[in-house]
Amino acid sequence: MCGGCKTVPVDKLKESHKVYKTFNYQLQPVDKGYANRTLYINLSEQSIREKPVTQEMKDIFTGGRGFGLYHLWHAVTGKTKWNDSENEIVISSGPLGGITQYPGAGKSIVVTLSPATGTVIDSNVGGFFGPFLKFSGFDALEIQGKSEKDVIIFIDGDKGTVSIEDVEVTDMNTHVLVEQLSTLYADNDEDKKNIAIVSTGEGSETTFMGMLNFSFYDKKRNVIRIKQAGRGGTGTVFRDKKIKALVVKFSSLKGNSNHPADKNLLDETGIKMHREIATLDHKQNSMRKRGTMHLPIIMHDHDLLPVHNFKHGSHPDAAPILNWDTRLTHSGADGCWFGCTLSCAQVIHNYELKTGPYIGDKVYVDGPEYETIAGVGSNLGIFEQDHIIETNFYCDTYGIDTISFGTATAFAMECFETGIINKEITGGLDLSFGNSEVVLELLHQMARGDGFGKVVGRGVRRMKQLFVEKYQADPQFLKDIGMETKGLEYSEYVCKESLAQKGGYGLANKGPQHDEAWLIFMDMVLNQIPTFEAKAEALHYFPMMRTWFGLNGLCKLPWNDIVPEDNADQPEPEKVPEHVQNYVNLFTAVTGREITKEGLIAQAETVYNFQRVFNLKMGFGTRRYDAIPYRSVGPVTVEEYQSRAERYDNQMKEIIGVDPADKSVEEKLAITRQYREKQYEMLCDSVYKRRGWTAQGVPTLETLKRLKIDFVDVVEVVSQHLDV
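Residues numbered from 1 in each chain as written. Predicted model: local features only at pLDDT ≥ 70, side-chain atom pairs only at ≥ 80, totals over all residues. Heavy atoms only, no water.

Things to note about the sheet that holds strand β6 (residues 120-125)
Spatially, β3-β2-β7-β4-β5-β6 is the arrangement adopted by the six strands of the open sheet, whose pairing is mixed. The open sheet has two edge strands with one neighbour each: β3 (47-52) and β6. The average undirected angle you get between the axes of adjacent strands in this sheet is 15°. Summarising the sheet, strand β4 (residues 88-92) and strand β7 (residues 140-144) pair through five bridges and their orientation is antiparallel. Its bridge partner being in β7, isoleucine 89 is matched across the sheet by isoleucine 143. (Pairing = 2+ DSSP bridges. Helix = DSSP H or I, 4+ residues; strand = E, 2+ residues; numbered from the N terminus. Axes fitted to C-alpha atoms, helices over the stretch in contact; angles between N-to-C directions.)

As structure tokens, then:
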């Protein structure tokens, strides 16, 4: 990903190469999607061993996120903190992960206790690591303990060895680190395609929003590129354990490496989907050409693109960041795993950096994805493509999540503009909306761990506490405008007018992240779930379906970002029934286990409820933790109300039944707020009931029994909350 970085001779790297511990294991083929063992490493003890995968693990937890939650549950107690030695990072693919016959099958899922939320977080990511890990012999990698010094974990899937080792590199930031490690571990340039690396950057050591970069080799451009496990501070945990990088090498990838039970069915299902993409993608979302960059203009046109800390959904100056076609260097398929014809991994190359420690270097910048465009662009009032590209690059190489960075910075900017903080507090930074130069300086401060950047790097929740305690800010106002729930910053959609998306954010187990329940398009754009009951049902089905992808190592984009031509004529078209049948076929083809469409949802529901109980175990997980900031429900300020006054006045008259004519803006704000907050609480009631939870959002014992997770320790956790 670096076109102009200085390289280090491999001989010099090898001179500093030290091996502290080596574990030998028996190489064996994957069988029907499973390696049937996991890898456990304790960095405190420098111990390495393998663990068996039991049939119960497959039946109850399936794989991927399920395996991650299973291992972490048994590793920690309810008192474990994110930076305790007992906390683990677990990385797993899933039984369908690594197939090359169907698009979007290269996902890894990272599970750990989050520094942002204090409870369990999961984050999914593309790249080669998860599949290579499995084909090297392990369904999951568990890392526990803390090393005393920086280490690299190297899994050699060709030789059957796992090592804890180190090498002196010139830079900890990802774009340099992955180039040097690829040079060291690959036999030659051609061999780089067999190397996958997990790394982060300096920003993960200084913030609570550190993320992990998963590499993949771009053969066409002969560069190492990366995808991000962004949410919840996984990179911060990674560096707290003093992990410099994870490296896996596997050189024998084939179309049947997953050893599926029925390869013909797998091939047939894949061929049908590839034809559909080739025929229809350019008529629908053009994911192959634009990736998620097709979204900004749609969100802007529907007043859903966040502007100025989610105050508004559009802006008259937004045009420069709504279309990116002239900046992309697309040349055919650009996927982050073999066989992905959806190919949404866009890239901008030869971008010359204008700031920071690498000023003047020409680099590759992946994306930018929609979330980054909205988060570090429109939400900060900045409508400049170069600013977004530059910020995207530095967030990636520093190991900082672009979503949390954007949302936390937007909050700080609104606090600055309302006088809660000033230049004396920010160290001279003018944090006015639109000040792109200062935003980049703030980012560089975060990476260095100094200045006001260090404060913003702690996230919205901790800033709220600080501003109240130290600067006497109004706690209710900060609660209203601070866009976080459960400690995690919101991803980038204005959901004031979408009750379903409010629930999608508030009721998500991990916090307000769109990958669990992204319903705003169905609700606002397509109007597919107009009734209250339909929204509640959608808030059951769609989080479960999306969870299922995380259990199996799959990307969700091929599910509903492209649909069959006759999809609209099918029953329940919003579920894309033909594609769900594809997933039924895929699961049966790989694992040999017969399953139905309902069976997919049941698999996911089991793990989803287990994660809810995990939150209870860690001291969260009840109704009070599903509360959301009012900025995501309705207008907080007079400015917001007046900017959409006609809409709000009409709603007051036609929906609430109050004539706004003789009301002041303050009175109308109060009436609107009372109505909308009640609607959200009613939605929570309905969703809890649909999911088999109590009115406090706790899974009932009957639900646990139905899902076969009524284990003694699970029931013990839940029972403590059933009488509350």
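Quick look at the sheet that holds strand β13 (residues 243-249)
Picture the strands of a sheet paired through backbone hydrogen bonds; they go either parallel or antiparallel. Spatially, the seven strands line up as an open sheet ordered β1-β9-β8-β13-β10-β11-β12, and their pairing is mixed. Edge positions in the sheet fall to β1 (18-24) and β12 (223-229), since each has one partner strand and no second. Taken pair by pair, the neighbouring strands of this sheet meet at an average axis angle of 20°, ignoring direction. Sheet topology places β1 next to strand β9 (residues 161-166); six bridges connect them, and they run antiparallel. Note on β9: the bridge partner recorded for lysine 21 is isoleucine 164. Across the sheet, helix α5 (residues 174-185) is in contact with β8 (151-156), β9, β10 (195-199), β11 (212-218), β12 and β13; its angle to β10 comes to roughly 145°. (Contact = heavy atoms within 4.5 Å.)

What to know about the packing of helix α26 (residues 645-656) against helix α27 (residues 665-691)
For the pair α26 and α27, the least separation of the axes is 11 Å and the interaxial angle reads 55°. Comparing their axes, α27 and α26 come out oblique. When you trace α26 past α27, the crossing you get is left-handed. Side by side, α26 and α27 meet where Tyr648, Asp649, Gln651, Met652, Ile655 and Ile656 of the first sit next to Lys668, Ile671, Thr672, Tyr675 and Arg676 of the second. Looking at the contact of α26 with α27 residue by residue, the classes come out as six nonpolar, two polar and three charged. (Parallel < 35°, antiparallel > 145°, perpendicular 65-115°, else oblique. Left-handed = near helix turned anticlockwise from the far one by under 90°. Nonpolar A, V, L, I, M, F, W, Y, C, P; charged D, E, K, R; others polar.)

Things to note about the packing of aromatic side chains
A complete count under the given rule lists 40 aromatic pairs for this structure. For the pair tryptophan 82 and phenylalanine 208, a centre-to-centre distance of 5.6 Å together with 70° between the ring planes defines the contact as edge-to-face. Taken as a pair, tryptophan 82 in the loop between α3 (65-75) and β4 and phenylalanine 208 in the loop between α6 (203-206) and β11 lie far apart in primary sequence, 126 residues in all. Since its relative accessible area comes to 16%, tryptophan 82 is described here as buried. Phenylalanine 208 gets classed as buried once you look at its relative accessible area, which sits at 15%. Between phenylalanine 549 and tryptophan 559, the ring centres sit 5.6 Å apart and the planes meet at 50°, which makes this aromatic pair tilted. A residue pair is termed long-range when its members are at least 10 positions apart, and phenylalanine 549 in helix α21 (residues 532-552) and tryptophan 559 in helix α22 (residues 557-560) qualify at ten residues. (Phe/Tyr/Trp six-rings, centres within 6.5 Å; stacked < 30°, edge-to-face > 60°. Buried < 20%, exposed > 50% of the residue type's maximum accessible area, 1.4 Å probe, protein only.)

Topic: the pairing of β8
Of all the six residues making up β8, six are buried; the element is thus mostly covered by neighbouring parts of the structure. Residues of β8 alternate between two faces, with Val151, Ile153 and Ile155 on one and Ile152, Phe154 and Asp156 on the opposite face, all of them buried. As paired elements, β8 and β13 share six bridges and run parallel to each other. Opposite valine 151, over in β13, you have isoleucine 243 as the bridge partner. Pairing analysis gives five bridges linking β8 to β9, with the strands arranged antiparallel. The residue bridging isoleucine 155 from the neighbouring strand is valine 162, located in β9.

Overview of the side chain of glutamate 492
Positionally, glutamate 492 belongs in the loop between β17 (488-489) and α19 (499-506). The buried charged residue glutamate 492 lacks any salt bridge, with arginine 231 as its nearest oppositely charged partner at 7.0 Å. A distance of 2.8 Å separates the side chain of glutamate 492 from the side chain of threonine 407, its partner in a polar contact. Ignoring anything within four residues of it in the chain, the contact list for glutamate 492 reads Leu304, Pro306, Phe310, Tyr370, Glu371, Ala374, Gly375, Asn379, Ile403, Thr407 and Tyr505. (Lys, Arg positive; Asp, Glu negative; His and termini not counted. Salt bridge = Lys/Arg side-chain N within 4 Å of Asp/Glu carboxyl O. Polar contact = N/O pair within 3.5 Å; in protein donor to acceptor, adjacent residues only side chain to side chain.)

What about the pairing of strand β2 (residues 37-42)?
In terms of burial, β2 is a largely internal element, six of the six residues being buried. Side chains Arg37, Leu39 and Ile41 project from β2 onto one buried face, and the interleaved Thr38, Tyr40 and Asn42 project onto a second face that is buried too. Here β2 pairs with β3 via six bridges, running antiparallel. Across the sheet, the residue bridging to arginine 37 is proline 52, located in β3. Linkage of β2 to β3, two consecutive antiparallel strands, is achieved through a turn of four residues, within which glutamine 46 is found at a positive phi near 50°.

Side note on the pattern of salt bridges
Inspection of the entire model under this criterion finds 47 salt bridges. Close ionic contact of glutamate 639 with lysine 311 constitutes a salt bridge, the shortest N to O distance being 3.0 Å. In this pair, glutamate 639 sits in helix α25 (residues 638-643) while lysine 311 sits in the loop between α10 (295-301) and β14 (347-352), placing the two residues 328 residues apart along the sequence. Residue lysine 311 is classed as buried on the basis of its relative accessible area, which comes to 11%. Note that arginine 676 is salt-bridged to glutamate 497, the shortest N-O span being 3.0 Å. Linking arginine 676 in helix α27 with glutamate 497 in the loop between β17 and α19, this pair joins segments that are 179 residues apart in sequence.

Structural notes on empty space enclosed by the protein
On inspection of all chains with the given rule, the structure shows four cavities of 30 Å³ or more. The volume enclosed by the largest cavity comes to roughly 90 Å³. Asp303, Gly313, Val494, Lys496 and Arg647 are the residues nearest the centre of the largest cavity, which is lined by 13 residues in total. Taken together, the elements giving at least two residues each to the lining of the largest cavity come down to α25 and α26. In terms of residue class, the lining of the largest cavity is made up of three nonpolar, three polar and seven charged. Quantified by volume, the second largest cavity comes out at close to 70 Å³. Taken together, 14 residues line the second largest cavity, and the ones lying closest to its centre are Ala116, Phe208, Arg458, Gly487 and Glu489. Mapped by element, the contributors of at least two residues to the lining of the second largest cavity are α17 (460-471) and β17. With three residues, α17 is the single largest residue contributor to the lining of the second largest cavity. (1 Å grid on protein atoms, 1.4 Å probe; cavity = no way out; pocket = protein on both sides within 12 Å on 5 of 7 lines; lining within 4 Å. Points joined across faces, edges and corners; volume = space filled by probe spheres on them.)

Points about the state of the cysteines
Under the defined criterion, the tally for this structure stands at zero disulfides. Just so you know, cysteine 415 is unpaired, no disulfide at all, and the nearest cysteine sulfur is the one on cysteine 495, 19 Å from it. A relative accessible area of 0% means that cysteine 415 is categorised as buried. (Disulfide = S-S within 2.5 Å.)

As for the environment of glycine 381
Looking at the secondary structure, you find glycine 381 in the loop between α11 (370-376) and α12 (385-398). Given a relative accessible area of 14%, glycine 381 falls into the buried group. Apart from the residues within four sequence positions on either side, glycine 381 is in contact with His308 and Gly434.

Considering the side chain of lysine 510
Tracing the backbone through its elements, the reader meets lysine 510 in the loop between α19 and α20 (520-525). Overall, the relative accessible area of 1% leaves lysine 510 in the buried class. Here aspartate 122 takes part through its side chain, which lies 3.0 Å from a polar atom of the side chain of lysine 510. Other than its neighbours up to four places away in sequence, lysine 510 contacts Thr117, Ile121, Asp122, Lys486, Leu488, Asp515 and Glu516.

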